[in-house]
Amino acid sequence: MSNRPDESDLQIYAEGAWLQGAMITAVFYGVVIVLSVMCWRTLWPRIRHSHDAGFRRHLFFFCYVTCLFAIGTVYAVFGARVTQLGFINNRLYPGGPSAYEEATSSAPLNAAFVLSSWCADLLMIWRCVVVYRDTKVHRVILGLGSFMFFAAVVTGTLWLVIVSSPVQATNGWMSFSFLFPYLSVDLAINIFISLLTVLRLLSHRHRISKVLGPGHGTIYTSFATIIVESASIYSICSLLYLIPYGLNSPISFAFMQILGEAQIIAPLLIIYRIAEGKGW
């Protein structure tokens, strides 16, 4: 006698994707905890011993890290709660746990997901504006960055409104259908801003190396590496969700859960490297 549930292979595969995504998300939250502690330990002494513009910047980063940690914690807690409801409390839901997960909308979970995305976008856009502040196109970059962040806020807000509407309760697919265009817009913004920042830094490195010698431009190479690495974390996770979703593969459910924490890890890595003085 088999202990296999009376479900199709596709249903079991989808349930496995949901559960594995929840476990990997928990691992990512552990990374968020470690990075947050590392940032706090690095920033706090600098806050205590600086009383100029550096004090304000370090204090801002300290509060920013605290905000990201709080968002990541909310996302992890309510994500675990939804997983429990689907696989334990409502295991006999028609279609199985995967159908329950797809039809369920958690307001705190959705809000944490969007807020983490906005925080990551805001940091990337701000840094892009900073590196272009001494150029003739500074105002253009500022306007472009503001427009892009506005687009991210609008699409994110629309998604939150849609998944919070009463209609969504009977049409669970809506949350995923409208999440796709939102993440597509956000991914495009992230990649474009990252490219602008890296191009500016590499250009500045080339000018300094040409005047003072190759060794004097290495800090900008390091900084560009930080931008590329941090942006790639979110960009890769976004693509890992968007591509399977476009192909209608259940594996997209796993990567969708991971995204919430990946969006927090990216800015934490940037802040830690800056606080350590390795990238600024």
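Rules behind the numbers
- Residues numbered from 1 in each chain as written.
- Predicted model: local features only at pLDDT ≥ 70, side-chain atom pairs only at ≥ 80, totals over all residues.
- Heavy atoms only, no water.
- Phe/Tyr/Trp six-rings, centres within 6.5 Å; stacked < 30°, edge-to-face > 60°.
- Helix = DSSP H or I, 4+ residues; strand = E, 2+ residues; numbered from the N terminus.
- Buried < 20%, exposed > 50% of the residue type's maximum accessible area, 1.4 Å probe, protein only.
- Core = buried A, V, L, I, M, F, W, Y, C linked by side-chain atoms within 4.5 Å.
- Contact = heavy atoms within 4.5 Å.
- Expected span 1.5 Å × (residues − 1).
- Bend = angle between axes of the 7 residues up to and from the residue.
- Patch = residues over 30% accessible without salt bridge, like charges linked within 9 Å, V, L, I, M, F, W, Y side chains within 5 Å.
- Areas by Shrake-Rupley, 256 points an atom, 1.4 Å probe, with all protein chains shown as cover.
- Salt bridge = Lys/Arg side-chain N within 4 Å of Asp/Glu carboxyl O.
- Axes fitted to C-alpha atoms, helices over the stretch in contact; angles between N-to-C directions.
- Parallel < 35°, antiparallel > 145°, perpendicular 65-115°, else oblique.
- Nonpolar A, V, L, I, M, F, W, Y, C, P; charged D, E, K, R; others polar.

J.: Mind laying out the packing of aromatic side chains, listing which residues take part and the relevant values?
T.: Each pair of aromatic rings is reported with the distance of its centres and the angle of its planes. Applying the stated criterion across every chain yields a total of 13 aromatic pairs. Relative to Phe 62, the ring of Trp 40 has its centre 6.4 Å away and its plane inclined at 45°; by these criteria the two rings are tilted. Taken as a pair, Trp 40 in helix 1 (residues 9-48) and Phe 62 in helix 2 (residues 53-89) lie far apart in primary sequence, 22 residues in all. Taking the centre distance of 6.4 Å and the plane angle of 50° together, the rings of Phe 60 and Trp 126 count as tilted. Here Phe 60 is found in helix 2, whereas its partner Trp 126 is found in helix 4 (residues 107-131), with 66 residues between them in sequence. With a relative accessible area of 43%, Phe 60 lands in the partly exposed category. Given the relative accessible area of 33%, Trp 126 is considered partly exposed.

J.: Quick rundown of the nonpolar core? Include the residues and the values.
T.: Among the nonpolar cores identified, the biggest contains 61 residues, and Phe 113, Leu 179, Leu 183, Leu 268 and Ile 271 are the most heavily contacted of them. The set of elements that each furnish at least two residues to this core consists of helix 1, helix 2, helix 4, helix 5 (138-163), helix 7 (173-212), helix 8 (218-246) and helix 9 (252-275). Among residues more than four places away in sequence, those in contact with Leu 179 are Phe 113, Trp 159, Tyr 241 and Met 256.

J.: Talk me through helix 9; I want residue IDs and the actual numbers.
T.: For helix 9, with 24 residues, the first-to-last C-alpha span of 35 Å sits near the 34 Å given by 1.5 Å per residue. Bending of helix 9 peaks at approximately 35° at the position of Leu 259. Burial within helix 9 is extensive, with 21 of its 24 residues counted as buried. Positive phi appears at Gly 277, one or two residues downstream of helix 9, with a value of about 75°.

J.: Before we move on, could you go through the environment of Tyr 241 and cite the residues and values that matter?
T.: Relative to the helices and strands, Tyr 241 resides in helix 8. In the structure, Tyr 241 is positioned 11 residues away from Ser 252 in sequence and 4.8 Å away in space, judged by C-alpha atoms.

J.: Describe the side chain of Thr 25, and please don't skip the residues or the numbers.
T.: Turning to its location among the elements, Thr 25 is positioned in helix 1. Once residues lying within four places of it in the same chain are set aside, the contact partners of Thr 25 are Tyr 75, Gln 257, Ile 258 and Glu 261.

J.: Describe a nonpolar patch on the surface, listing the residues and the values that go with them.
T.: Residues Val 74, Val 77 and Phe 78 make up a contiguous nonpolar surface patch of about 220 Å² in total accessible area. Among the structural elements, Val 77 can be located in helix 2.

J.: Before we move on, can you summarise helix 5 with the specific residues and values?
T.: Between the first and last C-alpha of helix 5 there are 37 Å, a value that for 26 residues agrees with the 38 Å anticipated at 1.5 Å per step. Where helix 5 is concerned, the buried positions are Ile 141, Gly 145, Met 148, Ala 151, Ala 152, Gly 156, Trp 159, Leu 160, Ile 162 and Val 163.

J.: Explain the environment of Val 37 to me, using residue names and the numbers behind them.
T.: Relative to the helices and strands, Val 37 resides in helix 1. Taking the C-alpha atoms as reference, Val 37 lies 9.2 Å from Val 65; in sequence the two are 28 residues apart.

J.: Explain the packing of helix 4 against helix 5 to me, using residue names and the numbers behind them.
T.: Orientation of helix 4 relative to helix 5, taken along the N-to-C sense of each, is 175°, at an axis distance of 10 Å. Considered as vectors, helix 4 and helix 5 are oriented roughly antiparallel to each other. Each residue belonging to the contact of helix 4 with helix 5 can be placed in one class, and the counts come to 17 nonpolar, five polar and one charged.

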